[in-house]
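What follows is each chain in one-letter form.
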Amino acid sequence: MKQSIATIALVVADYDEAIAFYRDAVGFTLVEDTRLAPDKRWVVLAPPGGDGARLLLAKADGPDQRAVIGKQAGGRVMLFLQTDDFDRDYARMQSNGVRFLEAPRREAYGTVAVFVDLYGNKWDLIEPQR
């Protein structure tokens, strides 16, 4: 048996602003953007290399969903973006306006720094220890 997590839904306020952030600032590739209804799209982005889970941007529909934008993990780090070159990606993301909440740090498991997306969701940028 083989299973994997293929796609993770992230509630967003606006498709186009979220696409711009993840594509232009973080460096993801826009994999699919299909209109399903007048106000609903199937928008999928993937990190370079495409070996891991993809990100499905799900536009909030109604007040309950809008209330969780940026808080889907209750203030904890929600997603972990693994890289093969921390320094390269940290510098590129910073130059593209991504806000890091801390300086990079070396841990037993690798090099890591927490950043936030345009809605405040926390991410780890991490290069595992080799």
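Please refer to the structure placed before this passage.
Residues numbered from 1 in each chain as written. Predicted model: local features only at pLDDT ≥ 70, side-chain atom pairs only at ≥ 80, totals over all residues. Heavy atoms only, no water.

Participant: How should I be thinking about the overall build of the protein chain in this particular structure?
Facilitator: Check the secondary structure of the protein chain and you find 3 helices and 9 strands. Ordered by position in the sequence, the α and β elements of the protein chain form the string β-α-β-β-β-α-β-α-β-β-β-β. Against the 2.2 N^0.38 benchmark of 14 Å for 130 residues, the protein chain shows a C-alpha radius of gyration of 15 Å, consistent with a compact globule. Along the first, second and third principal axes, the C-alpha atoms of the protein chain reach 45 × 35 × 30 Å. Across the 130 residues of the protein chain, 37% fall into the buried class. Residue pairs at least 24 apart in sequence account for 52% of intrachain contacts in the protein chain once pairs closer than 6 positions are excluded. Counting only carbon and sulfur atoms, one obtains 49% of the accessible surface of the protein chain, whose full area is about 7800 Å². Computed over 17 positive and 19 negative side-chain charges, the separation of the two mean positions in the protein chain equals 2 Å. (Helix = DSSP H or I, 4+ residues; strand = E, 2+ residues; numbered from the N terminus. Rg over C-alpha atoms; globule rule 2.2 N^0.38 Å. Buried < 20%, exposed > 50% of the residue type's maximum accessible area, 1.4 Å probe, protein only. Contact = heavy atoms within 4.5 Å. Areas by Shrake-Rupley, 256 points an atom, 1.4 Å probe, with all protein chains shown as cover. Lys, Arg positive; Asp, Glu negative; His and termini not counted. Charge placed at Lys NZ, Arg CZ, Asp CG, Glu CD.)

Participant: Quick question: what am I supposed to make of the layout of surface pockets here?
Facilitator: To find leftover empty space, a probe the size of one water molecule is rolled over the atoms. A volume near 500 Å³ is recorded for the largest pocket. Together, 24 residues line the largest pocket, and Pro47, Ala53, Phe80, Leu81 and Gln82 are the ones closest to its centre. Take the lining of the largest pocket: its biggest share by element is 4 residues, from strand β5 (residues 77-82). Per-class residue counts for the lining of the largest pocket are 12 nonpolar, 6 polar and 6 charged. In this structure, the second largest pocket occupies an estimated 190 Å³ of space. What lines the second largest pocket is simply Tyr15, Asp39, Lys40, Arg41, Trp42, Leu56, Leu57, Ala58, Lys59, Ala60, Asp61 and Gln65. (1 Å grid on protein atoms, 1.4 Å probe; cavity = no way out; pocket = protein on both sides within 12 Å on 5 of 7 lines; lining within 4 Å. Points joined across faces, edges and corners; volume = space filled by probe spheres on them. Nonpolar A, V, L, I, M, F, W, Y, C, P; charged D, E, K, R; others polar.)

Participant: I tried to follow the side chain of Glu127 on my own but got confused; where do I start?
Facilitator: Positionally, Glu127 belongs in strand β9 (residues 122-128). Assessed through its relative accessible area of 17%, Glu127 is described here as buried. Apart from residues no more than four positions distant in its own chain, Glu127 is found in contact with Thr83, Asp84, Asp85, Phe86, Tyr109, Gly110 and Thr111.

Participant: Could you clarify how one ought to interpret the nonpolar core in this entry?
Facilitator: The tendency in soluble globular proteins is for nonpolar side chains to be buried side by side. In this structure, Tyr22, Val26, Leu57 and Phe115 are the most contacted members of the largest nonpolar core, which totals 30 residues. Only β1 (7-12), α1 (15-26), β3 (40-46), β4 (54-59), β5, α3 (86-95), β8 (110-116) and β9 provide two or more residues apiece to this core. Broken down by element, the residue count for this core peaks at 7 residues, all from α1. Dropping the residues within four chain positions of it, Leu57 is found in contact with Leu10, Val12, Tyr15, Ala18, Ile19, Tyr22, Arg41, Val43 and Leu45. (Core = buried A, V, L, I, M, F, W, Y, C linked by side-chain atoms within 4.5 Å.)

Keep in mind that these numbers describe shape and distance, not what the molecule does.
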